[in-house]
Amino acid sequence: MTASHEPPRHVAIIMDGNGRWARSRGLPRSVGHRRGVDRIHPVALACSRRGVEYLTLYAFSTENWRRPGAEVSALLRLLATMIDDEAKTCLRDNLRLRLVGTLEHLSPALQDKVRAAVALNEHNTGLSLCLAFDYGSRDEIVRAARALAADGVAPLEVDERRMSERLFTAGMPDVDLLIRCGGEQRMSNFLMWQAAYAELYFTDVLWPDFGEAEVDAALEAYAARSRRFGGLSQGGTH
Ligand code: FPP
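Residues numbered from 1 in each chain as written. Predicted model: local features only at pLDDT ≥ 70, side-chain atom pairs only at ≥ 80, totals over all residues. Heavy atoms only, no water.

1. Brief notes about the pattern of salt bridges
Reasoning step 1: Per the stated rule, a full pass over the model turns up 20 salt bridges.
Reasoning step 2: Overlapping salt bridges bring together Asp151, Arg161, Glu165 and Arg166 as one network. (Salt bridge = Lys/Arg side-chain N within 4 Å of Asp/Glu carboxyl O.)

2. Focus on the site of the ligand
Reasoning step 1: Taken together, 17 residues lie around the ligand, and Asp16, Gly19, Arg20, Arg29 and Arg67 are the ones closest in.
Reasoning step 2: Arginine 20 has a polar backbone atom sitting 2.7 Å from an oxygen atom of the ligand.
Reasoning step 3: In this structure, an oxygen atom belonging to the ligand sits 2.9 Å away from a side-chain N or O atom of arginine 67.
Reasoning step 4: With the chains in place, 92% of the 620 Å² that the ligand exposes on its own is no longer accessible.
Reasoning step 5: Contributions of two or more residues to the shell around the ligand are made by α1 (18–23), α2 (29–49), β2 (54–61) and α3 (69–93).
Reasoning step 6: In terms of residue count, α2 provides more of the shell around the ligand than any other element does, four residues in total.
Reasoning step 7: The class makeup of the residues in the shell around the ligand is seven nonpolar, six polar and four charged. (Near = heavy atom within 4 Å. Polar contact = N/O pair within 3.5 Å; in protein donor to acceptor, adjacent residues only side chain to side chain. Areas by Shrake-Rupley, 256 points an atom, 1.4 Å probe, with all protein chains shown as cover. Helix = DSSP H or I, 4+ residues; strand = E, 2+ residues; numbered from the N terminus. Nonpolar A, V, L, I, M, F, W, Y, C, P; charged D, E, K, R; others polar.)

3. Quick word on the sheet that holds strand β6 (residues 199–202)
Reasoning step 1: The six strands are arranged β3-β4-β2-β1-β5-β6 in an open sheet whose pairing can be described as parallel. Taken across any chain shown, the strands that pair with only one partner, and hence form the sheet edges, are β3 (96–101) and β6. Going across the sheet, the axis of each strand differs from the next one's by a mean of 20 degrees, ignoring polarity.
Reasoning step 2: As paired elements, strand β1 (residues 10–14) and β2 share five bridges and run parallel to each other. Pairing of alanine 12 across the sheet is with threonine 56, part of β2.
Reasoning step 3: Sheet strands touched by α2: β1, β2 and β4 (128–135). Its angle to β2, the strand with the most contacts, is close to 155 degrees. (Pairing = 2+ DSSP bridges. Axes fitted to C-alpha atoms, helices over the stretch in contact; angles between N-to-C directions. Contact = heavy atoms within 4.5 Å.)

4. Here's the deal with the packing of aromatic side chains
Reasoning step 1: The tally for this structure, following the rule as stated, stands at eight aromatic pairs.
Reasoning step 2: Taking the centre distance of 6.0 Å and the plane angle of 75 degrees together, the rings of tyrosine 58 and tyrosine 135 count as edge-to-face. Here the residue tyrosine 58 occupies a position in strand β2, and tyrosine 135 occupies one in strand β4, the gap between them amounting to 77 residues. Just as tyrosine 58 is buried, tyrosine 135 falls in that class too.
Reasoning step 3: Tyrosine 135 gets classed as buried once you look at its relative accessible area, which sits at 0%.
Reasoning step 4: Connected via pairs of aromatic rings, a cluster forms that spans Tyr58, Tyr135, Phe168 and Phe190. (Phe/Tyr/Trp six-rings, centres within 6.5 Å; stacked < 30°, edge-to-face > 60°. Buried < 20%, exposed > 50% of the residue type's maximum accessible area, 1.4 Å probe, protein only.)

5. Quick notes on the nonpolar core
Reasoning step 1: Formed by 41 residues in total, the largest nonpolar core has its most connected members in Ile13, Leu55, Leu79 and Leu129.
Reasoning step 2: A per-element tally of this core places α3 first, with seven residues.
Reasoning step 3: With near-sequence residues (within four places) excluded, leucine 79 lies in contact with Leu106, Leu110, Val114, Leu131 and Phe133.
Reasoning step 4: Counting 15 residues, the second largest nonpolar core, distinct from the first, contains Tyr54, Val100, Tyr135 and Leu191. (Core = buried A, V, L, I, M, F, W, Y, C linked by side-chain atoms within 4.5 Å.)

6. Some points on the environment of glycine 32
Reasoning step 1: Mapped onto the fold, glycine 32 is located in helix α2.
Reasoning step 2: For glycine 32 and proline 208, which are 176 residues apart along the polypeptide, the C-alpha to C-alpha distance reads 6.9 Å.
Reasoning step 3: Sequence-distant contacts of glycine 32, that is, excluding residues within four places in its chain, are made with Asn18, Trp21, Ala22 and Pro208.

7. With respect to the pairing of strand β5 (residues 177–180)
Reasoning step 1: Side chains of β5 alternate between two faces, with Leu177 and Ile179 and Leu178 and Arg180 buried alike.
Reasoning step 2: Summarising the sheet, β1 and β5 pair through four bridges and their orientation is parallel. What sits directly across from alanine 12, in β5, is leucine 178.
Reasoning step 3: Across four bridges, β5 lies against β6 in parallel orientation. For isoleucine 179, the partnering residue across the bridge sits in β6 and is tyrosine 201.

Rendered as structure tokens:
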């Protein structure tokens, strides 16, 4: 079996555990989310320095709207307060902030803010830092199917390439490494199409404690994996 020595081009992270991090300290969940936001840029920089080209972070899922109203409001406020600063920091560090998901359920003012942040560093050439916001794989796939139908694509012309081109991640490579922190081991409707052949890495570390050492541990585990994409390993039968 051959292990991969190239760094993953595309890493995706399910940033779980903010609530437990806060609860274990007797703090409100919103404090855990705030601390979670603070981890985003250092982790993006660590990935960038290790040769990763795309980092997609699950910030808010289509299912997260079902959380208590106060928590949803706190998450939306966090998005509003972090997005300008993050865009400026990305500009400084040549990272490209992008959005994967939809803005359509946000207020017009917040939509404008997010669009301006994305536009600010669209010419940056470093790692693409993709925030998955109001994102769900099933929703994304339904939207892609609708777009194909609306474009009049005939059933037999529907193929994987045309579907991929209509996903939020159009133009991005598939996910190579999917990390979930916080101890749970599930996909939670995240990048189900794009992560079809991703290596999965789970850790008990809670997202507010996630940093450079955890990035290294995940990349080390990835480097030791043998990727076969459904075929045989090079020169082997197992
Ligand atoms: C899971 O923690 C975390 C989320 C709901 C998504 C991640 C959110 C952030 C890092 C902060 C928000 C970012 C933006 C840009 C708005 P949890 O609450 O499920 O933790 P628990 O499982 O310990 O309760």
